[in-house]
4 protein chains.
Amino acid sequence: MDCITRRDKMETKDKVLEAAVSLFNAKGYQGSSIREIAKQADVNPALISYYFGGKKGLLENLLLQFYEPYLALLNKIVEEQISVSPLYCLKQIGQHILNFQQQHIQLTSFVYREMTLDSMLVREMMSTYLKKETYYIQQVFTKGIELGECMNIPTEHAVIQFKGMLMMPFLYPRYLSEVLYLQPVEGYFVERYSRQIEQWIDSLQLLEPLQLQAK
Amino acid sequence: MDCITRRDKMETKDKVLEAAVSLFNAKGYQGSSIREIAKQADVNPALISYYFGGKKGLLENLLLQFYEPYLALLNKIVEEQISVSPLYCLKQIGQHILNFQQQHIQLTSFVYREMTLDSMLVREMMSTYLKKETYYIQQVFTKGIELGECMNIPTEHAVIQFKGMLMMPFLYPRYLSEVLYLQPVEGYFVERYSRQIEQWIDSLQLLEPLQLQAK
Amino acid sequence: MDCITRRDKMETKDKVLEAAVSLFNAKGYQGSSIREIAKQADVNPALISYYFGGKKGLLENLLLQFYEPYLALLNKIVEEQISVSPLYCLKQIGQHILNFQQQHIQLTSFVYREMTLDSMLVREMMSTYLKKETYYIQQVFTKGIELGECMNIPTEHAVIQFKGMLMMPFLYPRYLSEVLYLQPVEGYFVERYSRQIEQWIDSLQLLEPLQLQAK
Amino acid sequence: MDCITRRDKMETKDKVLEAAVSLFNAKGYQGSSIREIAKQADVNPALISYYFGGKKGLLENLLLQFYEPYLALLNKIVEEQISVSPLYCLKQIGQHILNFQQQHIQLTSFVYREMTLDSMLVREMMSTYLKKETYYIQQVFTKGIELGECMNIPTEHAVIQFKGMLMMPFLYPRYLSEVLYLQPVEGYFVERYSRQIEQWIDSLQLLEPLQLQAK
DNA sequence: AATGAATGAGCGTTCATTCAT
DNA sequence: CATGAATGAACGCTCATTCAT
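How each quantity is defined
- Residues numbered from 1 in each chain as written.
- Chains lettered and ligands numbered in written order.
- Predicted model: local features only at pLDDT ≥ 70, side-chain atom pairs only at ≥ 80, totals over all residues.
- Heavy atoms only, no water.
- Contact = heavy atoms within 4.5 Å.
- Near = heavy atom within 4 Å.
- Polar contact = N/O pair within 3.5 Å; in protein donor to acceptor, adjacent residues only side chain to side chain.
- Helix = DSSP H or I, 4+ residues; strand = E, 2+ residues; numbered from the N terminus.
- Buried area = accessible area lost by both parts, 1.4 Å probe.
- Salt bridge = Lys/Arg side-chain N within 4 Å of Asp/Glu carboxyl O.
- Nonpolar A, V, L, I, M, F, W, Y, C, P; charged D, E, K, R; others polar.
- Buried < 20%, exposed > 50% of the residue type's maximum accessible area, 1.4 Å probe, protein only.
- Least-squares fit on C-alpha atoms with pLDDT ≥ 70 in both.
- Domains from an automatic or database assignment.
- Disulfide = S-S within 2.5 Å.
- UniProt positions renumbered as here; feature names shortened; annotations may be inferred.
- Axes fitted to C-alpha atoms, helices over the stretch in contact; angles between N-to-C directions.
- Parallel < 35°, antiparallel > 145°, perpendicular 65-115°, else oblique.
- Left-handed = near helix turned anticlockwise from the far one by under 90°.

1. What about the arrangement of the chains?
Move 1: With respect to C-alpha atoms, chain A approaches chain C no nearer than 13 Å, and the pair has no contact.
Move 2: A minimum C-alpha distance of 32 Å separates chain B and chain C, which share no contact.

Pasting the structure below:
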């Protein structure tokens, strides 16, 4: 009985979250209305305020729902692999982050868009999560440079490039499908794309001497 | 007098566009209200509907204002340089696009965010502009592969990587400044970052044989 | 166990009533929400509907809780004292009503405010309680005039003045404390103020001949 | 043309104010909805926020609309008459305030009710207006006592009694009409009631020696 | 060209209440 | 008896837009 009750509760909250992710992804946070979400979730609009404390609470819930496991994943990979080989660690990050994003493709797309705004909430999320994320990745690059695995490039630029490559397909899934005819939703896209990322990582290792020659 | 009148008109329209770009950039299209824009532009709200045919018209105006010169620039570079050297052409594209984005940094940020939405308008812009843009870039990659300048990677993936690198700093200017302490607004950032992009382009040339060795 | 249960019930009802009086007094009936009351009473909101048959029932309960003992008190005083001396009876009324109001200061304040509204409920309360109250007081004045104790003024006006004096401090307790620096909550205020009322009552007796002289 | 425009504006604002006073008086501020007011004023609901900056602004507007002329009137009377004769000045106050209240009977009733609440706004109104009002009245009593015109009673109590008498009929107009069968709206009520107030004022003059005798 | 009143739809939210558990 | 999920109506308010001036 308790189980049923709990499951019912879960279902309502989850129905709302699912509908919210879908609508926020398609029309943006500001472009989606509580009523629309409730309708799509087949739920009373008042329940959204009841469960999440308002539309803003729903947004925060989703942001946490993304960044918490995201950072946990990142943390785990870095902790386990950085001492083995920084560049290999980078490859692992690339592959797992791509997988993670693909598994939460709508949430990812929406969160990445929302983080481009200039709001208190975004600033808070940046200082809470993106600072950590960036620290992890920079650490790996730095270690790679130290160990001579990686050419000596500014780690900030490397982070931008790396993140750009990883985020791009999930920020613009519709661009991929309608212009490039790629399906980021499908498994083999990530598989092939992550190999491409690995090539870029390899290039970090190899370019330096050549670069020096060029000079 | 007619001249003054016309100049006033221009100024009013421009004041609105300027205010709109600023607010759309900070709070998003849906998050900014006509009244707010009008207030910031010190203009009567009714004039926005009058001049631009409504809020949506203002949005379309800004999207064109971005993509028309953007594509003209891209078109010019490709036409002029592709026959010389595809990879050099790519570098030129990278450098000029970065400059272009930096010169319209708020507009760029806003347009790139808006294009992540799933709307009729976005689909239209994609089929009108992004298809062309992608065609140009893919053409360069293809030519590069044909001429043996560039390793044989899927051009779609290359486009994603290339665009990702170029767009990233201007999609997340606040991330750059607050987390990475980079100032995409300042000249030397683009200068240094474009050299980084060139390294990536160089890596396309060099990786292939090594990649083959790896196999 | 039954006893405990019943006591719990009593406590719950009383906790609600207490919280309701406090909130209704501060923010008005319409300005207070069931949830707020329930929260302050540390009780489930649904119980208010359950126990009192809704918010309106809670209001009626409180009105009765005020007017029933109020009228009983008035009735008792008039019955016992009117035959002795009408003016003395008036003084007794003044003193005891002041005391009664002070003992239920929040309830009094709230009820007196609520009775200024124009609603079915108020009309009902007026015809049920205020008619009786007024009848009692007018009777005393009439008797006083008959017996020559009191000057011949319109009893309606006398009632207004009398009630005005008695109600004023408890309708505006915050005015008294913040502007006049009087504390209607404290015992000696009523003590001193009731002597003031008695002076007014005395003046009823004395003024007439002098008034006539003045003319 | 300008005149017509201004008159139209005035009419809309005034229609809203009129409807608001009527509804606030009958059902209270919290009990009246913006839509209801707009409907009764035959006006678009959005215009209330447009003109008054929201429901609260409407309330503040009405409170000022009452207290500003009220205090101006009081100030004028006191300034002109206090030096002549404090007790005569009191009578003038009584008469003019009664007239003022009668001329704005609904507004008066509503304002007096609203001032019984415990809110920031009420506190502000008290410290802005009621402090002044009380200062004026107390000044008159004090002067009367100084000059020997008036018996030596605590001025705070005198203020309560005085205000109680003046406010009572307009706080409970429905009580007057339905229980006492008096019509505070009609001219002769004020006329007769103000004579009653004058009697009370006279009693202040005369009671003291008798009071002493009683002791 | 420019204004500001006016409109009607929709916003997020809160409300008192009901009901299954 | 007590709970908390759920409901539908209404809340105050803001929205983009229109229109007479």
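2. Quick word on the protein's contact with DNA strand E
Move 1: Lining the immediate surroundings of DNA strand E are 32 residues, of which Lys55 of chain A, Tyr50 of chain B, Lys55 of chain C together with Tyr50 and Tyr51 of chain D lie closest.
Move 2: Sugar plus phosphate: this is where 62% of the atoms of DNA strand E within 4 Å of the protein reside.
Move 3: At 2.8 Å, a side-chain N or O of Tyr51 of chain B approaches a phosphate oxygen of DNA strand E.
Move 4: Going through the elements one at a time, helix H2 (34–41) and helix H3 (46–52) of chain A, helix H3 (45–52) of chain B, helix H2 (34–41) and helix H3 (45–52) of chain C together with helix H1 (2–27) and helix H3 (46–52) of chain D are the ones with two or more residues in the surface near DNA strand E.

3. As for the interface of chain C and chain D
Move 1: Every contact between the two is made by 56 residues of chain C and, on the other side, 56 residues of chain D.
Move 2: Between chain C and chain D lies a buried interface of about 5,100 Å² when both sides are counted; carbon and sulfur atoms form 67% of it.
Move 3: Run the count over chain C and chain D and you get zero salt bridges.
Move 4: Summed over the shared surface of chain C and chain D, the number is 10 residue pairs in polar contact (both at pLDDT 80 or more).
Move 5: Those elements that place two or more of their residues in the side of chain C that touches chain D are helix H1 (2–27), helix H6 (105–114), helix H7 (120–146), helix H8 (155–171), helix H9 (173–180) and helix H10 (187–214) of chain C.
Move 6: With 13 residues, H10 of chain C is the single largest residue contributor to the side of chain C that touches chain D.

4. Description of the protein's contact with DNA strand F
Move 1: Around DNA strand F, 31 residues are found, and the nearest of them are Tyr50 and Tyr51 of chain A, Lys55 of chain B, Tyr51 of chain C together with Lys55 of chain D.
Move 2: Among the atoms of DNA strand F close to the protein, meaning within 4 Å, 61% are from sugar or phosphate groups.
Move 3: Within the contact set of DNA strand F, a phosphate oxygen lies 2.9 Å away from a backbone nitrogen or oxygen of Ile34 of chain D.
Move 4: Looking at the surface near DNA strand F, the elements that each hand over two or more residues are helix H1 (2–27) and H3 of chain A, helix H2 (34–41) and H3 of chain B, H3 of chain C together with helix H2 (34–41) and H3 of chain D.
Move 5: Class assignment for the residues of the surface near DNA strand F results in 13 nonpolar, 11 polar and seven charged.

5. Remarks on the side chain of Thr116 of chain A
Move 1: For Thr116 of chain A, the position within the fold is in the loop between helix H6 (105–114) and helix H7 (120–146).
Move 2: A relative accessible area of 1% means that Thr116 of chain A is categorised as buried.
Move 3: Residue contacts for Thr116 of chain A: discarding those within four places in its chain leaves Asn25, Arg113, Leu171, Tyr172 and Arg174 of chain B.

6. Describing the relation of the copies chain C and chain D
Move 1: Expressed as a screw transformation, the operator carrying chain C onto chain D has a rotation angle of 180 degrees and an axial translation of 0.0 Å, and the superposed copies differ by an RMSD of 0.1 Å. The operation mapping one copy onto its partner corresponds to a two-fold rotation axis. Considering only C-alpha atoms, the residue of chain C closest to the rotation axis is Gly164 of chain C, which sits at 2.3 Å.
Move 2: Residue by residue, 100% of the interface of chain C is reproduced at the interface of chain D, so both copies engage with the same surface.

7. Observations concerning the domain arrangement of chain A
All names here are of chain A.
Move 1: Domain boundaries in chain A define domain 1 (1–53) and domain 2 (62–204).
Move 2: A C-alpha centroid distance of 29 Å is found between domain 1 and domain 2.
Move 3: Across the contact, eight residues belong to domain 1 and nine residues belong to domain 2.
Move 4: A combined buried area of about 770 Å² lies between domain 1 and domain 2, and 58% of that area is made up of carbon and sulfur atoms.
Move 5: Interface area lost by domain 1 to domain 2 is led by Val21, Phe24 and Asn25, which between them contribute 63%.
Move 6: At the junction of domain 1 and domain 2, the tally comes to zero salt bridges.
Move 7: On inspection of domain 1 and its partner domain 2, the count reaches four residue pairs in polar contact (both at pLDDT 80 or more).
Move 8: Tallied by class, residues from the side of domain 1 that touches domain 2 come to five nonpolar, three polar and no charged.

8. Notes on the state of the cysteines
Defined simply, a disulfide is a covalent bond joining two cysteines at their sulfur atoms.
All names here are of chain A.
Move 1: Enumeration according to the criterion identifies zero disulfides over all chains in this entry.
Move 2: Free of any disulfide, Cys150 has its nearest neighbouring cysteine sulfur in Cys89, separated by 12 Å.
Move 3: On the accessibility criterion, Cys150 (3% relative accessible area) is buried.

9. Focus on the relation of the copies chain A and chain B
Move 1: Structural alignment of chain A on chain B gives an RMSD of 0.1 Å, achieved by rotating through 180 degrees and translating 0.0 Å along the axis.
Move 2: By residue overlap, the copies meet face to face through one surface: 100% of the interface positions of chain A are interface positions in chain B.

10. As for the UniProt feature "DNA-binding region" (unreviewed entry) in chain A
Move 1: The positions UniProt marks with the feature "DNA-binding region" (unreviewed entry) are residues 33–52 of chain A.
Move 2: Annotated as 75% helix and 0% strand, the span residues 33–52 of chain A places its first and last C-alpha atoms 14 Å apart.

11. Details of the pattern of salt bridges
Residues and elements named next belong to chain C.
Move 1: In this structure the tally under the stated criterion is 20 salt bridges over all chains.
Move 2: One salt bridge in this structure joins Arg123 and Asp118, with 2.6 Å as the shortest N-O distance.
Move 3: Taking relative accessible area as the criterion, Arg123 reaches 31% and is therefore assigned partly exposed.
Move 4: Take Asp118: its relative accessible area is 29%, and that puts it in the partly exposed class.

12. Observations regarding the packing of helix H4 (residues 55–81) of chain B against helix H5 (residues 86–103) of chain B
Residues and elements named next belong to chain B.
Move 1: Orientation of H4 relative to H5, taken along the N-to-C sense of each, is 155 degrees, at an axis distance of 10 Å. For the element pair H4 / H5, the angle class is roughly antiparallel. Our pair here, H4 against H5, has a crossing hand that is right-handed. Here Phe66, Pro69, Tyr70, Leu73, Leu74, Ile77, Val78 and Gln81 of H4 lie close against H5, whose contacting residues are Tyr88, Cys89, Gln92, Ile93, His96, Ile97 and Phe100.
Move 2: For the contact of H4 with H5, a count of residues per class yields 12 nonpolar, three polar and no charged.

13. Description of the packing of helix H7 (residues 120–146) of chain D against helix H8 (residues 155–171) of chain D
Residue and element names in this part refer to chain D.
Move 1: Interhelical geometry of H7 versus H8 gives an angle of 115 degrees and a closest axis separation of 9 Å. With respect to the hand of their crossing, H7 and H8 are arranged in right-handed fashion. Residues Leu130, Glu133, Thr134, Ile137, Gln138, Phe141, Thr142 and Ile145 of H7 form the contact with H8, whose participating residues are Thr155, Glu156, Ala158, Val159, Phe162 and Lys163.
Move 2: Classifying every residue of the contact of H7 with H8 by side-chain character gives seven nonpolar, four polar and three charged.

14. Remarks on the side chain of Thr108 of chain A
Residue and element names in this part refer to chain A.
Move 1: By the element assignment, Thr108 lies in helix H6.
Move 2: Residue Thr108 is classed as buried on the basis of its relative accessible area, which comes to 0%.
Move 3: A distance of 3.4 Å separates a polar atom in the side chain of Thr108 from the backbone oxygen of Gln101.
Move 4: When residues no more than four places from it in sequence are discounted, the contact partners of Thr108 are Phe66, Gln101 and Phe170.

15. A closer look at the interface of chain A and chain B
Move 1: Taken together, the contacts link 55 residues of chain A with 56 residues of chain B.
Move 2: Interface area, chain A with chain B, both sides summed: about 5,000 Å², of which 67% is carbon and sulfur.
Move 3: At the junction of chain A with chain B, the criterion picks out zero salt bridges.
Move 4: The interface formed by chain A and chain B contains 10 residue pairs in polar contact (both at pLDDT 80 or more).
Move 5: When residues of the side of chain A that touches chain B are traced back to their parent elements, those giving at least two are H1, H6, H7, helix H8 (155–171), helix H9 (173–178) and helix H10 (187–214) of chain A.
Move 6: Taken together, the residues of the side of chain A that touches chain B sort by class into 30 nonpolar, 14 polar and 11 charged.

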